[in-house]
Amino acid sequence: MNATEAPPGAAPDPTLAPPPVAPAPRSRNPIRRIYEWVLSWAESKYGVPALCVFAFTESSFFPIPPDVLLIALALAAPTRAYRFAAWCTLFSVLGGLFGYFIGYALWAVFEPYLINRVFSQENFELVTNEYNKYGVLAVFIAAFTPIPYKVFTVAAGVAKLNLVGFTLASIFGRGGRFFLVALVIRLAGPRARKWIDEYFNLATIVGTLLLIGGFLLIKFLK
């Protein structure tokens, strides 16, 4: 018998070190690695500043939505969930205005760096065409649903969309999405993460369709 092994039936020796645990392998998917890096900020004392930075940058170019960090922070401190949602909304709208400015005044400079890197030429042209049909409603839909909001902020500037309408649509869309996350966490507690992962995006799409249907019904009744 090995000298370091306890005889059968004997209590384990507390002085013996447990076998080393191999670290989990890092994902080779770059987006997944960015996702995990964003999530790691929830365990830092800089979680709220990081949330503000990610909310701002995601509105114009960053690939990971701030919901990831918002959910983690809110689950860790449920009583502050609405405060986190407020910070997330504020900086996401400010980031959207920055994206609008890029499209409005600096598109010739940024176009080579954004097209086919952050979003494709086809998607960008599609979004620009949608503005000609739906205006600020398109901004609200992108702000509230899983549709990439960043594409719409820059395209809104290129299309010279009304700035007041753009800002209001962003506030209601982003605020509605982030405060809905906070509400679910306050009501459901730790179970909220599973529900959000499985059903949240579908719920925002259905809610948006119902809202649009309500507006169309009002217009029809008039």
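Before going into details, it helps to say that this report is about the structure given with it. (Residues numbered from 1 in each chain as written. Predicted model: local features only at pLDDT ≥ 70, side-chain atom pairs only at ≥ 80, totals over all residues. Heavy atoms only, no water.)

Details of the overall build of the protein chain
Regarding its fold elements, the protein chain presents 10 helices and 0 strands. Helices and strands in the protein chain line up, N terminus first, as α-α-α-α-α-α-α-α-α-α. For the protein chain, with 222 residues in total, the buried portion stands at 37%. (Helix = DSSP H or I, 4+ residues; strand = E, 2+ residues; numbered from the N terminus. Buried < 20%, exposed > 50% of the residue type's maximum accessible area, 1.4 Å probe, protein only.)

Looking at the environment of Leu 97
Tracing the backbone through its elements, the reader meets Leu 97 in helix α4 (residues 81–105). Residue classification places Leu 97 among the partly exposed positions, given a relative accessible area of 27%. Sequence separation of Leu 97 and Ser 59 is 38 residues, and the distance between their C-alpha atoms is 8.4 Å. Excluding residues that lie within four positions of it along the chain, Leu 97 makes contacts with Leu 163, Phe 166 and Thr 167. (Contact = heavy atoms within 4.5 Å.)

Considerations on the packing of helix α8 (residues 149–158) against helix α9 (residues 163–188)
Where α8 meets α9, the axes come as close as 12 Å, and the angle between the chain directions of the two elements is 170 degrees. Comparing the axis directions of α8 and α9 gives the class roughly antiparallel. Along the contact surface, α8 presents Tyr 149, Phe 152, Thr 153 and Ala 156, while α9 presents Phe 166, Ser 170 and Arg 174. Residues that form the contact of α8 with α9 fall into these classes: 4 nonpolar, 2 polar and 1 charged. (Axes fitted to C-alpha atoms, helices over the stretch in contact; angles between N-to-C directions. Parallel < 35°, antiparallel > 145°, perpendicular 65-115°, else oblique. Nonpolar A, V, L, I, M, F, W, Y, C, P; charged D, E, K, R; others polar.)

Function cannot be read off these values alone, since they describe shape.
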